[in-house]
Amino acid sequence: MSNDSLFSASSSMREPLASRMRPRNLDEYIGQDHIVGKGRLLRRAIAADQLTSVIFYGPPGSGKTTLARVIANHTKSNFITLNAVLTGVADIRNAIKQAEDYFNLYSRRTILFVDEVHRWNKSQQDALLPWVENGTIILIGATTENPFFEVNKALVSRSRVFQLKALTKQDLEKAASQALNDTERGYGRWKVEFESGALEHLIDTANGDARSLLNALELAVETTPEKWNPNANPPVPALGSTIFISKEAAEESIQKKVVLYDRDGDYHYDIISAFIKSLRGRDPDAAMYWLARMVRAGEDPHFIFRRMLISSCEDTGLADPSAISVVNSCAQAFDRVGMPEGRYFLAHAALYLATAPKSNSSM
């Protein structure tokens with residue numbers, strides 16, 4: 001598949017908002033300043049079209065595929081994309097053949113973008129090795145899994161690994177602002193207003209995932225008017241009209257309730273404090289109550305696991321040294337499974353700590 005067919009910049013409002021709003025160049029790219037900020041190595045390599053094989057590793061919605069699109073728009077090299085879930089060795093051979101032909105005809109390199117590269121088995125990954133090594137192919141791999149564990153070591157050793165981080169609240173605010181103000185690809189042709197706290201709720205509960213935020217924003221905006229057909233003549237709703245997004249619409253769009261307490265205020269800390277005291281006091285019923293309050297409120301599960309890890313050493317300690325391993329395993333399992341099933345791992349860890357013997361000898 002060619003560069004143009006993969007990353008065609010369509011302005012059609014029928015295309016999902018997250019796809020329409022993909023950055024087209026480095027200046028539009030949001031976040032990851034530690035690798036693509038001004039003066040950084042990767043930014044200089046992309047701008048100079050001197051990229052070597054790289055693997056982008058990070059959580060969903062952090063910008064891995066988007067960064068590949070930016071590279072595709074900057075490079076003069078042939079650009080081929082494959083999805084490891086949908087392709088096999090035959091597709092790899094075809095890509096290599098295209099790369100060889102392109103080099104022989106135009107003396108230019110080929111960049112091969114492989115999404116979900118960890119999903120290829122060892123033989124599929126091995127098929128690329130000689131061509132990556134001799135420079136026929138420059139690999140861009142994208143993965144949500146740690147490449148040092150999930151990707152062939154020989155392939156990793158021939159690539160530079162860049163870790164992308166979940167987007168910050170400020171990054172997501174910028175992404176939402178771009179979508180709401182862009183008159184060509186976003187909703188800048190309408191006046192979109194939010195009930196107090198509604199947009200903040202979308203941003204807070206997107207968990208650093210720009211795609212999740214834009215999908216929720218699209219659903220909130222396009223289902224609020226009675227009819228939505230921006231491609232009609234004239235558009236429906238009319239250009240310049242006001243679209244008011246309520247807090248209830250925001251909740252429905254991202255499928256999470258607005259936090260029941262002020263995350264930055266004292267009540268946030270009162271709830272977590274009560275939870276930890278119930279673990280320390282070996283009261284599993286109270287632990288489940290406070291845990292349910294936090295989950296219902298939309299509290300960050302990583303914050304809860306962090307506090308349970310501390311408790312496993314500070315409160316349970318040497319009375320049950322395996323508590324640390326149990327809680328840590330639950331946290332890792334949660335990262336693999338996510339919500340809503342992730343509640344089982346939160347409950348498992350909390351119940352283990354709430355029923356374990358206690359020792360503060362580490363103190």
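Predicted, not measured: the structure shown is a model, and the values here were computed from it.

Calculation rules
Residues numbered from 1 in each chain as written. Predicted model: local features only at pLDDT ≥ 70, side-chain atom pairs only at ≥ 80, totals over all residues. Heavy atoms only, no water. Helix = DSSP H or I, 4+ residues; strand = E, 2+ residues; numbered from the N terminus. Buried < 20%, exposed > 50% of the residue type's maximum accessible area, 1.4 Å probe, protein only. Axes fitted to C-alpha atoms, helices over the stretch in contact; angles between N-to-C directions. Parallel < 35°, antiparallel > 145°, perpendicular 65-115°, else oblique. Left-handed = near helix turned anticlockwise from the far one by under 90°. Contact = heavy atoms within 4.5 Å. Phe/Tyr/Trp six-rings, centres within 6.5 Å; stacked < 30°, edge-to-face > 60°. Expected span 1.5 Å × (residues − 1). Polar contact = N/O pair within 3.5 Å; in protein donor to acceptor, adjacent residues only side chain to side chain. Salt bridge = Lys/Arg side-chain N within 4 Å of Asp/Glu carboxyl O.

Visitor: Quick rundown of unusual backbone geometry? Include the residues and the values.
Guide: The omega torsion across N233 and P234 is 0°, close enough to zero to call that bond cis. Residue V236 is joined to P237 through a cis peptide bond whose omega torsion reads 0°. Relative to the helices and strands, P237 is located in the loop between α13 (210-223) and β7 (242-245). A positive phi angle, close to 55°, is found at D49, a residue other than glycine. The topology assignment puts D49 in the loop between α4 (41-47) and β1 (54-57). With a relative accessible area of 19%, D49 lands in the buried category. Here E116, not a glycine, exhibits a phi torsion of approximately 55°, which is positive. Mapped onto the elements, E116 comes out in the loop between β3 (110-115) and α7 (122-126).

Visitor: Before we move on, could you go through the packing of helix α16 (residues 284-297) against helix α19 (residues 343-355) and cite the residues and values that matter?
Guide: Packing of α16 against α19 brings their axes to within 9 Å, and their N-to-C directions diverge by 150°. As judged from the angle between their axes, α16 and α19 are roughly antiparallel. Every pair of crossing elements has a handedness; the one defined by α16 and α19 is right-handed. For the pair α16 and α19, the contacting residues are P284, A287, M288, L291 and V295 in the first and R343, L346, A347, A350, L351, A354 and T355 in the second.

Visitor: Got a sec to walk through the packing of aromatic side chains? Specific residues and values, please.
Guide: Scanning the model with the defined rule gives six aromatic pairs in all. Both rings, one in W190 and one in W228, keep their centres 4.9 Å apart while their planes meet at 45°; by these two values the pair is tilted. Of the two residues, W190 sits in the loop between α11 (169-181) and β6 (191-194) while W228 sits in the loop between α13 and β7, which places them 38 residues apart along the sequence. When its relative accessible area of 19% is taken as the criterion, W228 is described as buried. Where Y289 meets W290, the ring centres are 4.8 Å apart and the plane angle is 70°; that geometry is what we call edge-to-face. For W290, a relative accessible area of 23% translates into the label partly exposed. Three or more aromatic residues link up through ring pairs in this structure, and these residues are Y187, W190 and W228.

Visitor: Pulling in residues and values, what's your account of α13?
Guide: Helix length check: α13, at 14 residues, gives a terminal C-alpha distance of 20 Å against a target of 20 Å (1.5 Å per residue), a fit within 8%. The residue sitting at the N-terminus of α13 and contributing the capping side-chain oxygen is D209; that oxygen lies 2.9 Å from the backbone nitrogen of R211.

Visitor: Provide a residue-level description of the pattern of salt bridges, including the pertinent values.
Guide: In total, this model carries 13 salt bridges according to the counting rule given. E145 serves as the salt-bridge partner of R336, at 4.0 Å between the closest nitrogen and oxygen. Here R336, found in helix α18 (residues 323-337), pairs with E145, found in the loop between β4 (137-143) and α9 (147-150); they are 191 residues apart in sequence, far enough to count as distant. Assessed through its relative accessible area of 24%, E145 is described here as partly exposed.

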